[in-house]
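So the chains spell out like this:
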Amino acid sequence: MKSVRLPAALESSIAAARKAGDLMRRHLRRTKKINEASAHDIKLELDVRCQKRIESILQKAFPSVAILGEEGESGDPTAAYRWVVDPIDGTVNFAYTLPHCCVSIALERRLPTPATANRPRAARTHETVIGVVYDPFCDELWTAVRGGPARLNGRRIQASPRTKLQESMVSVGFGKGGEVMERMIPTFNTLVRKARRVRIMGAAALGMVYVATGRLDAFMEYGLRWWDIAAGGLILECAGGDFFSEPVRGLHAHRVLASNGPLRKRLAPLYRP
């Protein structure tokens, strides 16, 4: 397996996130072209443009690294490394000129295939080694490299130490489909009675890095795609938090419980598959 120099990869992913963020910032209040719309989701032409801008920077620096993203896949799917890209996380917010959205970029390393015929269906094939989340509207950049600290604009961050659910701020998401909502609404109904406050903010990557920063104590959602959570999950772990995810029905879909750590045992019983 040919190794990728992580400092150089981090530098490239930050540059790509900032370039896409600049495009988002300049177009927030402009009329946006909708490529596809459903009852609970919107796909914008600008999603594609941001993805292409990101890909051009990453592919130039690391041509052998594959890309998995919301706007499609490119490169060798068996490559030793892959980028995982969400060019605009929180697209519906962005489409409605709500400036709570971000760029999410992760670099993952392929894991060795276990030499067993009983390999679990849900076994991870990759390990995230770099996470970058950029909010261009607050100019906030979260970064992490596996084994090191999580940072916000260069300063180390830490998840909150709260242990009591009744003192905690929890964010939830409701995904894009009816099945997802049916699974999350009972959880939401319980949480609003037990937590200090529950927030629905509409950008999963920001929800996760807010937990890493201590602004929130937990984030929960069902049916998220891997590109929504790969970068934020590593950043949270490097900030001392707990990132639980498991595959659910749907391509690259997962249910997620991201917390400061102590709250996981209190939240998990409220969040059954």
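See the structure above.
What counts and how
- Residues numbered from 1 in each chain as written.
- Predicted model: local features only at pLDDT ≥ 70, side-chain atom pairs only at ≥ 80, totals over all residues.
- Heavy atoms only, no water.
- Helix = DSSP H or I, 4+ residues; strand = E, 2+ residues; numbered from the N terminus.
- Expected span 1.5 Å × (residues − 1).
- Buried < 20%, exposed > 50% of the residue type's maximum accessible area, 1.4 Å probe, protein only.
- Phe/Tyr/Trp six-rings, centres within 6.5 Å; stacked < 30°, edge-to-face > 60°.
- Lys NZ or Arg CZ within 6 Å of the ring centre and 35° of its normal.
- Polar contact = N/O pair within 3.5 Å; in protein donor to acceptor, adjacent residues only side chain to side chain.
- Contact = heavy atoms within 4.5 Å.
- Pairing = 2+ DSSP bridges.
- Axes fitted to C-alpha atoms, helices over the stretch in contact; angles between N-to-C directions.

Caption draft 1: View of helix H6 (residues 226-238). Given a rise of 1.5 Å per residue, 13 residues ought to cover 18 Å, and the 18 Å separating the end C-alpha atoms of H6 matches this to within 8%. Counting buried positions over the 13 residues of H6 gives twelve, a clear majority of the element. If you check which residues of H6 are buried, you get Trp-226, Trp-227, Asp-228, Ile-229, Ala-230, Ala-231, Gly-232, Gly-233, Leu-234, Ile-235, Leu-236 and Cys-238. Looking at the residues trailing H6, positive phi occurs at Gly-240, about 85°.

Caption draft 2: Region of the structure containing the packing of aromatic side chains. Throughout the structure, instances matching the rule amount to five aromatic pairs. Note on Trp-142 and Tyr-210: the rings are 6.1 Å apart at their centroids and 45° apart in plane angle, and the pair reads as tilted. Linking Trp-142 in strand E8 (residues 140-145) with Tyr-210 in helix H5 (residues 204-213), this pair joins segments that are 68 residues apart in sequence. For the pair Trp-142 and Tyr-210, one class covers both residues: buried. Ring geometry for Trp-226 versus Phe-243: centroids 6.3 Å apart, planes at 35°, classification tilted. Pair noted here: Trp-226 is in helix H6 and Phe-243 is in strand E14 (residues 242-247), with a separation of 17 residues, a long-range link. Each member of the pair Trp-226 and Phe-243 is classed as buried. Directly above the aromatic system of Phe-94 lies the positively charged group of Lys-32, at a separation of 4.9 Å from the ring centroid. A cation over a ring is seen here: Arg-215 above Tyr-210, with NZ or CZ 4.8 Å from the ring centre.

Caption draft 3: View of the side chain of His-126. Following the sequence through the fold, His-126 ends up in strand E7 (residues 126-135). A residue is classified by how much of its surface remains accessible, and His-126, at 9% relative accessible area, is buried. Of note is the side chain of His-126, whose polar atom sits 2.7 Å from the side chain of Thr-125. Apart from the residues within four sequence positions on either side, His-126 is in contact with Arg-82, Glu-108, Arg-109, Arg-110 and Leu-111.

Caption draft 4: Local environment of the sheet that holds strand E11 (residues 169-172). The mixed open sheet is built from five strands, whose spatial order is E12-E11-E13-E15-E14. The sheet terminates laterally at strand E12 (197-199) and E14, the two strands that pair on one side only. Ignoring which end each strand starts from, the neighbouring axes of this sheet average 15° apart. The pairing of E11 with E12 spans three bridges and is classified as parallel. Across the sheet, residue Val-170 finds its bridge partner in E12, namely Val-198. Across the sheet, H5 is in contact with strand E13 (218-225), E14 and strand E15 (253-259); its angle to E13 comes to roughly 150°. Across the face of the sheet, H6 comes into contact with E13, E14 and E15 while running at roughly 150° to E14.

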